[in-house]
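Chain by chain, the residues:
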Amino acid sequence: MNHETAELPRTTRHFNVQLSSTPRGARLARLLSLEQLRAWGLVHVQDAAAHVIAELAANAVTHARLPGRDFRLSAYVAGDALRIEVADARGDLLPELGAGEGESGRGLVLVEALADCWGVTAGPAPRKTVWAEFDLPGYGKPDAGEAGGNTKGTA
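The rules we used
- Residues numbered from 1 in each chain as written.
- Predicted model: local features only at pLDDT ≥ 70, side-chain atom pairs only at ≥ 80, totals over all residues.
- Heavy atoms only, no water.
- Axes fitted to C-alpha atoms, helices over the stretch in contact; angles between N-to-C directions.
- Helix = DSSP H or I, 4+ residues; strand = E, 2+ residues; numbered from the N terminus.
- Parallel < 35°, antiparallel > 145°, perpendicular 65-115°, else oblique.
- Left-handed = near helix turned anticlockwise from the far one by under 90°.
- Contact = heavy atoms within 4.5 Å.
- Nonpolar A, V, L, I, M, F, W, Y, C, P; charged D, E, K, R; others polar.
- Buried < 20%, exposed > 50% of the residue type's maximum accessible area, 1.4 Å probe, protein only.
- Arc of directions from axis to C-beta.
- Pairing = 2+ DSSP bridges.
- Phe/Tyr/Trp six-rings, centres within 6.5 Å; stacked < 30°, edge-to-face > 60°.
- Lys NZ or Arg CZ within 6 Å of the ring centre and 35° of its normal.
- Salt bridge = Lys/Arg side-chain N within 4 Å of Asp/Glu carboxyl O.

**Q** Mind showing me how you'd approach the packing of helix α1 (residues 23–39) against helix α2 (residues 46–62) here?
**A** In a pair of packed helices, the angle between the axes and the distance between the axes together describe the arrangement. Remark: α1 packs on α2, axes separated minimally by 9 Å, with the N-to-C direction vectors making an angle of 155°. Looking at the two axes, α1 sits roughly antiparallel to α2. α1 and α2 meet at a crossing whose hand is right-handed. Within the contact between the two elements, α1 uses Pro23, Ala26, Ala29, Arg30, Ser33, Leu34, Leu37 and Arg38 and α2 uses Gln46, Ala49, Ala50, Ile53, Ala54, Ala57, Ala58 and Val61. For the contact of α1 with α2, a count of residues per class yields 12 nonpolar, 2 polar and 2 charged.

In structure tokens:
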């Protein structure tokens, strides 16, 4: 019998909200997630993550809006990474990274600069999810001077 156990990735935090595909919905996505990141103690990535969320939500309501269809924002910590996902109803319209001319078209350049990685996942039809991840080295591990175990419980 093997007595070794593999360490499973810890999902310590999760946030999920469905919002209207309007400028107000995009603004709420940024504000609600910023407050959630503060509550999770992720102050060192909250500004960069809030900018990424603002860009992804703005893209969902500007480029992927379908009347009567909402978008979904999810944020969660799994292991040592924060993952942000924005799902919309336009799986047929994939985002493109480009410098853009004028005042628009640079959002994904900002996402690429701020996040450690990002991408797009198709489905389920007709949806797509645009995601970004931030590394959180040592997140959830007690400090050397701290007594006890992991103080980051589930939300």
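**Q** Sorry, what's going on with helix α3 (residues 107–114) here?
**A** Residues that lie three or four places apart on an α-helix share one face, since the helix turns once every 3.6 residues. Burial in α3 covers these residues: Gly107, Leu108 and Val111. Along the long axis of α3, the arc covered by the buried residues comes to 90°, so they all point the same way. The inward-facing, buried residues of α3 contact α2, β4 (117–122) and β5 (128–135).

**Q** Sorry if this is basic, but what is going on with the pairing of β4 here?
**A** Judged from the 6 bridges that link them, β4 and β5 form a sheet pairing that is antiparallel. Among the inter-strand pairings, Gly119 is bridged to a residue of β5, identified as Trp131. Between β4 and β5, which pair antiparallel one after the other, the connecting turn spans 5 residues, and Gly123 there sits at a positive phi close to 85°.

**Q** Even after reading the chapter, I still don't get the packing of α2 against α3, so can you show me in this structure?
**A** Between α2 and α3, the least distance of the axes is 9 Å, while the angle of their chain directions is 150°. Comparing their axes, α3 and α2 come out roughly antiparallel. As α2 packs across α3, the resulting crossing turns out to be left-handed. On α3, the residues touching Ala48, His51, Val52, Glu55, Leu56 and Asn59 of α2 are Gly107, Leu108, Leu110, Val111 and Leu114. Class assignment for the residues of the contact of α2 with α3 results in 7 nonpolar, 3 polar and 1 charged.

**Q** How should the packing of aromatic side chains be read in this particular structure?
**A** What characterises a pair of aromatic rings is the spacing of the ring centres plus the angle enclosed by the ring planes. All told, the structure shown has 0 aromatic pairs when counted by the stated rule. Lying across the ring of Trp131, Arg83 places its NZ or CZ 4.2 Å from the centre.

**Q** Just to check I follow, could you spell out the pattern of salt bridges for this structure?
**A** Where charged atoms of side chains with opposite charge meet at close range, the side chains can pair. Overall, the coordinates contain 4 salt bridges when judged by the stated rule. A salt bridge links Arg83 to Glu85, with the shortest nitrogen-to-oxygen separation between them at 2.8 Å. Here Glu133 ties to Arg83 by a salt bridge, and the two come within 2.7 Å at their closest N and O atoms. A residue pair is termed long-range when its members are at least 10 positions apart, and Glu133 in strand β5 and Arg83 in strand β3 (residues 81–88) qualify at 50 residues. Considered together, Glu133 and Arg83 belong to a single accessibility category, that of buried residues.

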